[in-house]
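# Secondary and tertiary structure notes
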Amino acid sequence: MSVTRRELLGGAGAVLLAGCLSADAADTDCETEIETEERTLVDEGKTVTAGSSFTWPLDLEDDVRIAVDVRTIDGARPTLEVENPDGDTILETDPDGRLEREFRADGDGRYYVTLENTALLNAGTWDVRLVALVDYEVENCD
């Protein structure tokens, strides 16, 4: 008999999603693995003018990772800034034609992800993708 237990990782808010149902599960060998679930939060194209910016507020739980992927289709290169619920900047970049960054929520609350076109003359198009990466601990018992 195979038994699987899956537990959300992170902070004091660990959630048991499924439990071992077999009485003899303690007598078997179990293997623990980490699996990551991806949840797309933003997947859109943005037309940007000189000096414009876009901000996405994200309500996050402690220890959730966010992958930021921004591609410049044409024109202006974005800068990225991420603020935590306390208003502290936890991630900041220089302008780049391709931004691939990741940050981890250091507590529950609203985080702000801002992309800005700091160019005074260049406009363009950006392909923006924000993905939540939630880690789960999976225990497989045979």
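Rules used in this analysis
- Residues numbered from 1 in each chain as written.
- Predicted model: local features only at pLDDT ≥ 70, side-chain atom pairs only at ≥ 80, totals over all residues.
- Heavy atoms only, no water.
- Helix = DSSP H or I, 4+ residues; strand = E, 2+ residues; numbered from the N terminus.
- Contact = heavy atoms within 4.5 Å.
- Polar contact = N/O pair within 3.5 Å; in protein donor to acceptor, adjacent residues only side chain to side chain.
- pLDDT = per-residue confidence, 0-100.

Moving on to the environment of glutamate 102. Looking at where glutamate 102 falls in the secondary structure, it is placed in strand S8 (residues 98-104). Not counting the four nearest positions on each side in its chain, glutamate 102 is found in contact with Arg65, Ile66, Ala67 and Leu133. One polar contact links glutamate 102 to arginine 65, side chain to side chain, over a distance of 3.1 Å.

Okay, the confidence of the model for the protein chain next. On average, residues of the protein chain carry a pLDDT of 84, and 80% of them reach 70 or more. Mean pLDDT across the secondary structure elements of the protein chain bottoms out at strand S2 (residues 16-18), with 41, and peaks at strand S7 (residues 89-92), with 98. Contacts of residues 1-7 to residues separated by more than four positions or lying in other chains number 36 contacts, the stretch itself having pLDDT below 50. Confidence over residues 10-23 falls short of pLDDT 50; this stretch has 25 contacts with residues more than four positions distant or in other chains.

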